[in-house]
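# Architecture and fold: a report
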Amino acid sequence: MSAKVEEQVREEHPLEKILRMDRIPHIWCPTCGLGTTVTALSSALEQLQLDTNKVAVVSGIGCTGRVAGYMKLDSFHTTHGRAVPFAVGLHIARPDLKTIVFSGDGDLISIGGNHFIHTARRNVDMTIICVNNFIYAMTGGQVAPTTPLTAKAATTPYGNAEHPFNLPLLAASSGAVYVARWTALHVRRLTVAIKEAIQKPGFSFVEVIAPCSTLYARINKLGTGLDLMKFYHDNSVIRHGADLNDVDIDFQSKIVVGKFVDIEKPTYIDCLNAGNKRAFGDKYKPYGGGNGDN
Amino acid sequence: MKFWRTPLDIDKLQIPRGELHILKERCKGCGFCVEYCPKGVLELSDEFNSKGYHPPKAVKPEECVNCDLCELLCPDFAIYCVRAEAGEKEVSN
């Protein structure tokens, strides 16, 4: 093939330098919101001009868990629900890396729920991007702890009888220092939120409401992912700093989005250094990113 | 373009122009770019790609203002926009 033809054939998408192109096209369904969320993360990393050797992405299992495999960064695809504990270990061993956990609601909140609240309590410096599609999508649409009351799932054909988690309230009450929620449609605001979350020292949590066309929308007869995007367009209410008791999502209700929490708190390594310095005085050399004074 | 107040620097303003690149083979025909293009540049075409989806086509390519929304919304990394220096229009009232 001559160089000229090759040049014509090879068109390069601007995100190709941050994606593992040998694995693209990805396995996500048409009109799934995950690709858009990956674009938001990639453009956030690009805008922050971070050294890609200093960023690590950790995912669990599920549709969203595939993200770690698609990003050309240090990435790890952990077992189900264990993305957060792996990321805690990674952060403590290498505090110089920006640790990003990119996983789904079933992985982070259901199976990894205990890890999630305790890491938030310790305020370990990491960014959690939780893509909430209201269902266990990869395994066939079973009910998840985020499925709204009365919504149908493969295991609740007559409607879900359980109250769902209110994720921003859960994260904030467990101790997260940054909590935001956006939908996959709010790409620019989502990119800004991810940028702020990455820069924030401490446990930052970004919930992304994403359409699942093949399971959630099909079982509940909501149309395609495009129809869900239109629903988000018409029914999202931006309310920064909203009272977190009011932001739970009912079936096809208004979705309150925005930046809810942005506070300062010493991180886990800061507290560890401060505690050891109190105990051992000058003999103690501060560990990692914190300088041991705070 | 209609203004409720003529901008003071109207003679310096230029409407940016974008050049669309559609990677047809990667498209899954979700229609996000078609639905959310603020200028209505795109439309789903009748042709098929090898996966059997209808990729979008630019029906009004000269209207593209390089806002990058299609690039940001595309879940399949199949469309992007670059700024075209040529053909920038002056803003007129």
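Residues numbered from 1 in each chain as written. Chains lettered and ligands numbered in written order. Predicted model: local features only at pLDDT ≥ 70, side-chain atom pairs only at ≥ 80, totals over all residues. Heavy atoms only, no water.

As a further point, take a negative patch on the surface. The grouping of Asp243(A), Asp246(A), Asp248(A) and Asp250(A) at the surface amounts to a negative patch. Tracing the backbone shows Asp243(A) in the loop between strand E7 (236–238) and strand E8 (255–262). (Patch = residues over 30% accessible without salt bridge, like charges linked within 9 Å, V, L, I, M, F, W, Y side chains within 5 Å. Areas by Shrake-Rupley, 256 points an atom, 1.4 Å probe, with all protein chains shown as cover. Salt bridge = Lys/Arg side-chain N within 4 Å of Asp/Glu carboxyl O. Lys, Arg positive; Asp, Glu negative; His and termini not counted. Charge placed at Lys NZ, Arg CZ, Asp CG, Glu CD. Helix = DSSP H or I, 4+ residues; strand = E, 2+ residues; numbered from the N terminus.)

Residue and element names in this part refer to chain A. Burial analysis of E8 places 6 of its 8 residues in the buried class, which makes it a mostly covered element. Two elements, strand E5 (residues 178–183) and E8, share 4 bridges in a ladder whose sense is antiparallel. Across the sheet, the residue bridging to Val-179 is Val-261, located in E8. Sheet topology places E7 next to E8; 3 bridges connect them, and they run parallel. Looking at the pairing, Val-237 lines up with Val-256 of E8. (Buried < 20%, exposed > 50% of the residue type's maximum accessible area, 1.4 Å probe, protein only. Pairing = 2+ DSSP bridges.)

Residue and element names in this part refer to chain A. The contact between helix H4 (residues 83–93) and helix H6 (residues 113–122) brings their axes to 8 Å, and the two run at 35 degrees. On the side of H4, the interface is formed by Val-84, Pro-85 and Val-88, while H6 contributes His-115, Phe-116 and Thr-119. Grouping the constituent residues of the contact of H4 with H6 by class yields 4 nonpolar, 2 polar and no charged. (Axes fitted to C-alpha atoms, helices over the stretch in contact; angles between N-to-C directions. Contact = heavy atoms within 4.5 Å. Nonpolar A, V, L, I, M, F, W, Y, C, P; charged D, E, K, R; others polar.)

Below, the discussion takes up the packing of aromatic side chains. A full pass over the atoms with the stated rule returns 6 aromatic pairs over all chains. Ring centres of Trp28(A) and Tyr70(A) lie 5.2 Å apart, and the angle between their planes is 80 degrees; on these two criteria the pair is classed as edge-to-face. Pair noted here: Trp28(A) is in the loop between helix H1 (3–9) and helix H2 (34–48) and Tyr70(A) is in helix H3 (residues 67–70), with a separation of 42 residues, a long-range link. Judged by centre distance (5.6 Å) and plane angle (70 degrees), the ring pair of Phe116(A) and Phe203(A) falls under edge-to-face. Of this pair, Phe116(A) sits in helix H6 while Phe203(A) sits in strand E6 (residues 203–209); the two residues are 87 residues apart in sequence, bridging distant segments of the chain. Of the two residues, Phe116(A) and Phe203(A), both sit in the buried class. Through pairs of rings, three or more aromatic residues link up here, namely Phe116(A), Phe203(A) and Phe205(A). A cation sits over an aromatic face here: Arg5(B) above Trp4(B), 5.9 Å from the ring centre. (Phe/Tyr/Trp six-rings, centres within 6.5 Å; stacked < 30°, edge-to-face > 60°. Lys NZ or Arg CZ within 6 Å of the ring centre and 35° of its normal.)

Predicted confidence across chain B gives a mean pLDDT of 89, with 95% of residues reaching 70 or more. Highest mean pLDDT in chain B belongs to helix H1 (residues 32–36) of chain B (95); lowest belongs to strand E4 (residues 79–90) of chain B (80). (pLDDT = per-residue confidence, 0-100.)

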